[in-house]
Amino acid sequence: MGFSMLAPEYRVDRDKDRCIDCKVCVTQCPYDVHYFDEEEEKVFAREENCVNCHRCVVLCPTRALIIRKYPLEFRENSAWKDIDIRQLQKQAETGGILLSGMGNPKPLPVFWDKILLNASQVTNPSIDPLREPMELKTFLGRKPERLEIGCDGSLKTKISPQLELSAPVMFSAMSFGSISLNACRVLAEAAEQLGIYYNTGEGGLHQSLFKFADHTVVQVASGRFGVNSEYLKIGAGIEIKIGQGAKPGIGGHLPGEKVREEVAATRMIPLGTDAISPAPHHDIYSIEDLRQLIFALKEASDYEKPVSVKIAAVHNVAAIASGIARAGADIITIDGFRGGTGAAPTRIRDNVGIPIEFAISAVDNRLKEEGIRNQVSVVAAGSIRNSADIVKAVALGADAVYIGTAALLAMGCHLCRKCYMGKCSWGIATQQPHLVKRLNPEIGRERLVNLITGWKHEIKEILGGMGINAIDSLRGNRHMLRGVDLSSRELDILGIKAAGE
Amino acid sequence: MKVLDAHKLSYRELNDIIKEEAPREKEIKIKNLRGQRYIGGTLKEGCTLYLDGIPGNDLASFMNGAHIVVSGNAQDGVGNTMNKGEIVIHGHAGDIMGYAMRGGEIYVKTDVGYRVGIHMKEFGEQIPMLIIGGSAGNFLGEYMAGGVIIVLGIGDSPEESIGNFCGTGMHGGRIYIRGEVPAFKFGKEVKEAAMEEEDYRLLKDKIKKYCKYFDYPMKKINLEDFHKYVPIGSRPYGNLYAY
């Protein structure tokens, strides 16, 4: 349909006194906004294409550009907000399912911001992490019921395989295909340097990243892309993807245009075909079937790797997690309703799932009640924005967290949320060679390492303030949390007291 | 030939022995199998397993080149994500045989269950093939992205040789079925295509092997009776979204 009834979302303000018509904006914009008019010898903008990715603004040598929200407003209406009208018009134009990139942006409560941390005063004095040792090391995997020590002091109990993390944070599953090879490389190199792990997502493992395998969790999802015995044996851990916080109950479609040569080779599929991962694994219809796949993977990797099962945080998450633990998983990864994505149907992303904060406490409680908490590690994901969120997640009961959006932001993502267009101007969520080049892997790695290094210091400061010197002592320690602006029911579910109690 | 007795062995114990023996034995016979899972998983070429009794689910999962001969029936998940190798089943097999299989061949003497060949895919030289002597259940070749499925329908009328929803979501590969099958049995992503020289060559080659393995007279199968089904496009859901 040629004619759109919609006004642009953003306005491109070009300061004519500053603009030198150098055309940097023209070459940088992958959305075809800026163009140079040969007759007028001037740069103009097709504002209707602008997605507010900031690329042109940041690279404009004379600071001549500002992108603003288009000042034209619809007539005020509490029921029909701008976004509702725009989305409806778009569907009327296309007849398609609305797509969105990244996590749920709706103004639903962010419970991290309603939870406050404790600190020591006078009694149980705080610890200064600059002077005293502070332990963030985290092991993920099944822990034994009890330890048997021999007469000579040696450990007699056989310990299940564990992932050893220098801090309780990992990089979430993002496939090569949804993000560029350079972006995958940044995650892999940073994970290696930091002593943590990244996750391949369901995109297979590119040959050039094999050398980082010791810091790689390889994912197995319903499409089984890139999965073979070598892939399963080479990774440090294996993750079965059942669900994702941004689209619980929904699978993934990597559109054919992103399946270029390298992506096709890594996923082991023909060039240009859609890579379809439906929501269900068609060999899993029950906890017993899940157990079958978990042990198929353990058999294939000689019982040397921990196996994780990743689910979206949904209403019955606690019961599901219990089933997963009993099915033999070593790690349960729970992705909250704000979790990111390269592409998800908007209505699913914005309306399905529950907040990760509630899911962590519900799962931790349930596993403890059933006496099986030691059998699995719990990894929380979906909307971890900073080190304080990590500390709160651990205090609620998580063993570690996954970060996806935060890691991409460190690389240069500006959260314009158009990942599904495949034109990422920052070279992250794209397969177009001229765009991929924009992400320098060395610089990306440095920025990501900086981020986590800063967070590690902050976590130590926060722990020290609580008088705790090891992250292990914080796990499930909800006494360190207080709630503000929460109902008593919400406080009960989170298992925390109100501020002042 | 090395002979193993699977009696009273757990799948883990049994598979540990197989994994240890396979690199040095050309042929291993395993008797008294009683549903042990994952037999032959990840095994590489160079070894043939002869299985007596019932191998359990996920037979040959992630298998990478070995050969397996099953004297009787097999259960669900045969050749799950199999990469390479050959399986010959002298009986029937269960559901989701060949799930996400990327290479190798599976010959089944009689029938198979539901969702067989789901997510089968091919890459370069690797073209997985399923040759089914009898009939297949619903959703044969669902989401199929590559490879070949051949249904001989021996002992069945063509109408009964496949279930419903054959090739739903199919976006690669081809399915050959003997006899006229009514159109309603197929998913909407599938169309019939004309048989070509190359198709007959492939069918002849594979059916010859089938007849040899199961001692079936080749002359009873007329290649002219086969119909070929292919996906309408490689992007079945390309127009589903509003960009």
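Residues numbered from 1 in each chain as written. Chains lettered and ligands numbered in written order. Predicted model: local features only at pLDDT ≥ 70, side-chain atom pairs only at ≥ 80, totals over all residues. Heavy atoms only, no water.

Here's the deal with the packing of helix H4 (residues 181-194) of chain A against helix H14 (residues 441-466) of chain A
Residue and element names in this part refer to chain A.
1) Next: It is the contact of H4 with H14, at a shortest axis distance of 8 Å, that shows an interaxial angle of 45 degrees. Between H4 and H14, the crossing angle belongs to the class labelled oblique. Remark: the crossing between H4 and H14 carries right-handed chirality. Between H4 and H14, the residues in contact are Asn 182, Arg 185, Val 186, Leu 187, Glu 189, Ala 190, Gln 193 and Leu 194 and Pro 441, Gly 444, Arg 445, Leu 448, Val 449, Ile 452, Thr 453 and Lys 456, respectively.
2) Next: Partitioned by chemical class, the residues of the contact of H4 with H14 number eight nonpolar, four polar and four charged. (Axes fitted to C-alpha atoms, helices over the stretch in contact; angles between N-to-C directions. Helix = DSSP H or I, 4+ residues; strand = E, 2+ residues; numbered from the N terminus. Parallel < 35°, antiparallel > 145°, perpendicular 65-115°, else oblique. Left-handed = near helix turned anticlockwise from the far one by under 90°. Contact = heavy atoms within 4.5 Å. Nonpolar A, V, L, I, M, F, W, Y, C, P; charged D, E, K, R; others polar.)

Focus: the pattern of salt bridges
1) Next: All chains considered together, the criterion is met by 41 salt bridges over all chains.
2) Next: Where Asp485(A) meets Lys114(A), a salt bridge forms, and the shortest distance between an N and an O atom there is 2.8 Å. Residue Asp485(A) is located in the loop between strand E20 (481-483) and helix H15 (488-494), and its partner Lys114(A) is located in the loop between strand E5 (97-100) and strand E6 (115-117); the two are separated by 371 residues in the primary sequence.
3) Next: Glu105(B) is the partner of Lys209(B) in a salt bridge, and the nearest nitrogen-oxygen pair spans 3.0 Å. A residue pair is termed long-range when its members are at least 10 positions apart, and Lys209(B) in helix H2 (residues 197-214) and Glu105(B) in strand E6 (residues 105-108) qualify at 104 residues.
4) Next: Its relative accessible area of 24% is what places Lys209(B) among the partly exposed residues. (Salt bridge = Lys/Arg side-chain N within 4 Å of Asp/Glu carboxyl O. Buried < 20%, exposed > 50% of the residue type's maximum accessible area, 1.4 Å probe, protein only.)

Quick notes on the packing of aromatic side chains
1) Next: In the structure shown here, the tally under the stated rule is 10 aromatic pairs over all chains.
2) Next: Summarising the aromatic geometry, the rings of Tyr11(B) and Tyr38(B) are spaced 5.1 Å apart at their centres and angled 80 degrees between planes, so their arrangement reads as edge-to-face. Of this pair, Tyr11(B) sits in helix H1 (residues 11-21) while Tyr38(B) sits in the loop between strand E2 (27-34) and strand E3 (48-54), placing them 27 residues apart in sequence.
3) Next: Aromatic rings pair up to connect Tyr107(B), Tyr210(B), Tyr213(B), Phe214(B) and Tyr216(B) into one cluster.
4) Next: When the ring centre of Trp426(A) is taken as origin, the NZ or CZ atom of Arg55(A), which lies over that ring, is 4.8 Å away.
5) Next: The ring of Phe295(A) carries Lys298(A) above its face, with NZ or CZ at 5.1 Å from the centroid. (Phe/Tyr/Trp six-rings, centres within 6.5 Å; stacked < 30°, edge-to-face > 60°. Lys NZ or Arg CZ within 6 Å of the ring centre and 35° of its normal.)

Quick look at the environment of Leu463(A)
Residue and element names in this part refer to chain A.
1) Next: Take Leu 463: it is sitting in helix H14.
2) Next: Exposure remark for Leu 463: the relative accessible area of 0% places this residue in the buried category.
3) Next: Leu 463 sits 329 residues away from Met 134 along the chain, and the two C-alpha atoms are 8.3 Å apart.
4) Next: Ignoring any residue separated from it by four or fewer positions in sequence, one finds Leu 463 in contact with Met 134, Leu 136, Ile 468, Ala 470, Ile 471 and Leu 474.

Structural notes on the sheet that holds E6(A)
All names here are of chain A.
1) Next: Ordered by their spatial adjacency, three strands build an open sheet running E6-E20-E21, and the pairing between neighbours is mixed. The sheet terminates laterally at E6 and strand E21 (497-498), the two strands that pair on one side only.
2) Next: As judged from the three bridges shared by E6 and E20, these two strands associate in the antiparallel manner. What sits directly across from Leu 116, in E20, is Arg 482. (Pairing = 2+ DSSP bridges.)

Comments concerning H1(B)
1) Next: Among the residues of H1(B), those classed as buried are Leu14(B), Asn15(B), Ile18(B) and Glu21(B). When H1(B) is viewed along its axis, its buried side chains cluster within an angular range of 130 degrees and face the same direction.
2) Next: Looking at the buried residues of H1(B), the elements they touch are helix H7 (287-300) of chain A together with strand E1 (2-5), E2 and E3 of chain B. (Arc of directions from axis to C-beta.)

Details of the interface of chain B and chain A
Note on interface size: it is often stated as the accessible area lost on association of the parts.
1) Next: Across the contact, 37 residues belong to chain B and 45 residues belong to chain A.
2) Next: Interface area for chain B against chain A, summed over the two sides, is near 3,700 Å², with a carbon-plus-sulfur share of 57%.
3) Next: On the surface where chain B and chain A come into contact, there are four salt bridges.
4) Next: Here Arg235(B) makes a salt bridge to Glu257(A), at a shortest N to O gap of 2.5 Å.
5) Next: Here chain B is connected to chain A by 22 residue pairs in polar contact (both at pLDDT 80 or more).
6) Next: Elements represented by at least two residues in the side of chain B that touches chain A include exactly H1 and strand E12 (241-242) of chain B.
7) Next: For the side of chain B that touches chain A, the element with the highest residue contribution is H1(B), accounting for four residues. (Buried area = accessible area lost by both parts, 1.4 Å probe. Polar contact = N/O pair within 3.5 Å; in protein donor to acceptor, adjacent residues only side chain to side chain.)

Some words on the pairing of E3(B)
Residues and elements named next belong to chain B.
1) Next: Pairing of E2 with E3, which is carried by six bridges, proceeds in the parallel orientation. Counterpart to Lys 29 in the pairing with E3 is Tyr 50.
2) Next: Note: E3 against strand E4 (residues 64-70), four bridges, orientation parallel. From the neighbouring strand, Leu 51 faces E4, where its bridge partner is Val 70.

What to know about the domain arrangement of chain A
Residues and elements named next belong to chain A.
1) Next: Each assigned domain of chain A is listed here: domain 1 (10-96) and domain 2 (166-498).
2) Next: Using C-alpha coordinates to define each centre, domain 1 is positioned 33 Å away from domain 2.
3) Next: On the domain 2 side, the residues contacting the 11 residues of domain 1 number 12 residues.
4) Next: Between domain 1 and domain 2 lies a buried interface of about 1,100 Å² when both sides are counted; carbon and sulfur atoms form 54% of it.
5) Next: Summed over the three residues of domain 1 that lose the most area to domain 2, namely Pro 30, Tyr 31 and Arg 55, the buried surface amounts to 47% of that side.
6) Next: At the junction of domain 1 and domain 2, the tally comes to zero salt bridges.
7) Next: Scanning the region where domain 1 abuts domain 2 turns up four residue pairs in polar contact (both at pLDDT 80 or more).
8) Next: For the side of domain 1 that touches domain 2, the secondary structure elements donating two or more residues are helix H1 (24-28) and helix H2 (55-59). (Domains from an automatic or database assignment.)

Side note on the nonpolar core
1) Next: Core analysis: the largest hydrophobic core is formed by 142 residues, its most contacted members being Phe171(A), Ile403(A), Ile428(A) and Leu474(A).
2) Next: Excluding its chain neighbours within four sequence positions, the residues that come into contact with Ile403(A) are Val169(A), Met170(A), Phe171(A), Ser172(A), Ile384(A), Ile452(A) and Trp455(A). (Core = buried A, V, L, I, M, F, W, Y, C linked by side-chain atoms within 4.5 Å.)

Section: helix H8 (residues 317-326) of chain A
Residue and element names in this part refer to chain A.
1) Next: Of all 10 residues making up H8, seven are buried, and the element is well covered by its neighbours.
2) Next: Along H8, the positions that sit buried rather than exposed are Val 317, Ala 318, Ala 321, Ser 322, Gly 323, Ile 324 and Ala 325.
3) Next: In this fold, the buried residues of H8 make contact with H7, strand E15 (307-312), strand E16 (331-335) and helix H10 (356-369).
4) Next: Backbone geometry just downstream of H8 places Gly 328 in the positive-phi region, at approximately 105 degrees.

Topic: the state of the cysteines
Cysteine pairs can be linked by a disulfide, which is a covalent bond between their two sulfur atoms.
Residue and element names in this part refer to chain A.
1) Next: Within this structure, the stated rule accounts for zero disulfides over all chains.
2) Next: Here Cys 25 stays free of any disulfide, with the sulfur of Cys 22 as its closest cysteine sulfur at 6.3 Å.
3) Next: For Cys 25, a relative accessible area of 9% puts it in the buried group.
4) Next: You can see Cys 416 has no disulfide; the closest cysteine sulfur is in Cys 53, sitting 5.5 Å from it.
5) Next: Residue class for Cys 416 comes out partly exposed when judged on its relative accessible area of 22%. (Disulfide = S-S within 2.5 Å.)

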